[in-house]
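Here are the chains, one letter per residue:
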Amino acid sequence: MSKFFDRLEERTAHDRESDLFDALRRQISNAKSNAPYYQQALADIDPQTVGDRGALAKLPILRKSDLPALQAESPPLGGLATQDAGKFRRLFLSPGPIIEPEADEEHWRMGRALHAAGIGAGDRVMNTFAYHLTPAGFMFDHGCMAVGASVFAGGIGNTEQQAEAIGRLGLTAYVGTPDFLKTILERADASNIDVSGLTRALVSGGPLFPNLREWYAARGITVRQCYGTAELGLIAYESAGPADGMVTDENALVEIVRPGTGDPVESGEVGEVGEVVVTTFNPHYPLIRFATGDMSAFMAEPSPCGRTAPRLKGWMGRADQTTKVRGMFVHPSQVARIIKPFDGIDRARLIVTENEGHDQLTLHVECEGEPNGLAERLADALRAECRLRGNIVFDRPGSLPNDGKVVDDRRQLGV
């Protein structure tokens, strides 16, 4: 297995910037000519004048949190696509709700992260991301194809069958959320299934806590994590180790801006935490200065692995209250929709915690007493809206903090 996925990973900073901005100018021209949203948003922008990051910073921001409204106003893709929705290979509907398209070309680029995790030709990969409704399963399935690995399309759930598959199929690597592998391995232990052949993992969709990484290491499993979104594909990935941050993808133009603005952190202020803003070059679904809502910071030096792209410190929280739980985004607006049909609920707060590497979800609602059957109905509404299971706790009216917080992520994140 070669050290690098391709020669792009060894480019000089000058060559990388030159190549990225050449691609950016082509993308701006393409978007202005073919996507209704950008015909308006970039009406006054001459693509040929966008030659550096100073010029890039003058372009408008497109926020992930704006997509539901844009798509409602101009269905189904908010005017962002350069082709009719019926020409895409697949369409997905993720929590939010946000529609994401898949073009014929492989535009999610996950192969680079898999290669850096040591996964390649000859590996048999357990892919436990969902293949329905959301695109994550296909994102990593295509990535495995790019590195020559075969895939067991496990999807989500079915823990007993997943554990059996490791032994029967001789699976060597795992792709999925950080905590689900632990659940599978514990089930395998209980059933005396030999899973020792699985020695590598690439995880995403949630925080990889240090104690969980250590738990895997004690079992002989090397875990790397990557960071991406359904819209953008791969943004950054681990290549050396947890202390060495994440290398940004070669086909993503990444900025760190001050939250709530489009203003990049000051030049030279490496380490200043801000919001991750990304531009990618999918010609059919242009995303130019796409604000993810995620927080991170640049690191000063190139990765010790030899890759020369800028590095991020990793995921450092959200610029808004949106958070990711077991691979699914949870939005404050979803909490409002959960409780709306029920009379007598004054306020609600969704609290996210972590216990032994597993995400825990608890919906606190202010309500007089505990009406018969309401907890079960709220739990069903939570599962239907967020596609996640959680507990329901009743609090007396006025007891929740009056701080405007609806989604409260209390997990202790390791970088």
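Residues numbered from 1 in each chain as written. Predicted model: local features only at pLDDT ≥ 70, side-chain atom pairs only at ≥ 80, totals over all residues. Heavy atoms only, no water.

- With an unreviewed UniProt entry as reference, the protein is termed Phenylacetate--CoA ligase family protein, source organism Notoacmeibacter ruber.

### What about helix 10 (residues 332–339)?
Consideration 1: When we look at burial in helix 10, the residues that qualify are Gln-334, Val-335, Ile-338 and Ile-339. Across the axial projection of helix 10, the buried residues extend over an arc of 125°, all falling on one side.
Consideration 2: Buried residues along helix 10 sit in contact with strand 16 (328–330), strand 17 (348–355), strand 18 (358–366), helix 11 (374–386) and strand 20 (407–409). (Buried < 20%, exposed > 50% of the residue type's maximum accessible area, 1.4 Å probe, protein only. Helix = DSSP H or I, 4+ residues; strand = E, 2+ residues; numbered from the N terminus. Arc of directions from axis to C-beta. Contact = heavy atoms within 4.5 Å.)

### Structural notes on the packing of aromatic side chains
Consideration 1: Considering all chains together, one arrives at six aromatic pairs under this definition.
Consideration 2: Each ring, one from Tyr-37 and one from Tyr-38, has its centre 5.0 Å from the other, and the planes form 85°; the classification is edge-to-face.
Consideration 3: On the accessibility criterion, Tyr-38 (2% relative accessible area) is buried.
Consideration 4: Chaining the aromatic ring pairs together yields one cluster made of Phe-92, Trp-108, Tyr-131 and Phe-138.
Consideration 5: Over the face of the ring belonging to Phe-138 we find Arg-90, whose NZ or CZ atom lies 3.9 Å from the ring centre.
Consideration 6: It is Lys-182 that lies over the ring of Trp-215; its NZ or CZ is 5.1 Å from the centre. (Phe/Tyr/Trp six-rings, centres within 6.5 Å; stacked < 30°, edge-to-face > 60°. Lys NZ or Arg CZ within 6 Å of the ring centre and 35° of its normal.)

### Looking at the environment of Gly-157
Consideration 1: Inspection of the secondary structure assignment puts Gly-157 in the loop between strand 5 (150–153) and helix 7 (159–169).
Consideration 2: Along the sequence, Gly-157 and Phe-129 sit 28 residues apart, while their C-alpha atoms lie 9.5 Å from each other.
Consideration 3: If sequence neighbours within four positions are ignored, Gly-157 has contacts with Gln-162 and Phe-180.

### Points about the sheet that holds strand 13 (residues 287–296)
Consideration 1: Strand order in this open sheet of four strands is 1-13-12-11, and the pairing throughout is mixed. Of all the strands in the sheet, just strand 1 (62–63) and strand 11 (252–257) have a single pairing partner and so form its edges.
Consideration 2: Along the sheet face, helix 1 (residues 13–34) touches strand 11, strand 12 (274–280) and strand 13 and points at about 95° away from the line of strand 11. (Pairing = 2+ DSSP bridges. Axes fitted to C-alpha atoms, helices over the stretch in contact; angles between N-to-C directions.)

### Things to note about helix 11
Consideration 1: For helix 11, spanning 13 residues, the distance from its first C-alpha to its last is 18 Å, which sits close to the expected 18 Å at 1.5 Å a residue.
Consideration 2: Within helix 11 the residues assigned to the buried category are Leu-374, Leu-378, Ala-379, Ala-381, Leu-382 and Cys-386. With its buried residues spanning 160° around the axis, helix 11 presents them on a single face. Seen from the buried face of helix 11, the exposed residues on the opposite side, beyond 90 degrees, are Glu-376 and Ala-384. (Expected span 1.5 Å × (residues − 1).)

### Things to note about the sheet that holds strand 17
Consideration 1: Read across the sheet, four strands follow the order 19-18-17-20 without closing on themselves; strand pairing throughout is mixed. For this open sheet the edge positions go to strand 19 (391–395) and strand 20, each flanked by a neighbour on one side alone. Sheet twist, expressed as the average angle between the axes of neighbouring strands with direction ignored, equals 25°.
Consideration 2: Across five bridges, the pairing between strand 18 and strand 19 is parallel. The residue bridging Val-365 from the neighbouring strand is Phe-394, located in strand 19.

### As for the state of the cysteines
Consideration 1: Taken as a whole and judged by the stated rule, the model has zero disulfides.
Consideration 2: Left without a disulfide partner, Cys-226 is nearest to the cysteine sulfur of Cys-144, which lies 11 Å away.
Consideration 3: Of the cysteine sulfurs around Cys-305, a residue in no disulfide, the closest is that of Cys-226, at 15 Å.
Consideration 4: On the basis of relative accessibility, which here comes to 11%, the residue Cys-305 falls in the buried class. (Disulfide = S-S within 2.5 Å.)

### Quick notes on the pattern of salt bridges
Consideration 1: Going through the model one piece at a time under the given rule, you end up with 30 salt bridges.
Consideration 2: When the shortest N-O distance is used, the salt bridge between Asp-189 and Arg-219 registers 2.7 Å. Remark: Arg-219 occurs in the loop between helix 9 (210–218) and strand 8 (222–229) and Asp-189 occurs in helix 8 (residues 180–190); sequence separation between them is 30 residues.
Consideration 3: Looking at Arg-219, the relative accessible area reads 33%, which means it is partly exposed.
Consideration 4: Residues Arg-349 and Asp-408 are paired through a salt bridge, measuring 3.6 Å at the closest nitrogen-oxygen approach. Placement of Arg-349 in strand 17 and of Asp-408 in strand 20 is noted, with a sequence separation of 59 residues between them. (Salt bridge = Lys/Arg side-chain N within 4 Å of Asp/Glu carboxyl O.)

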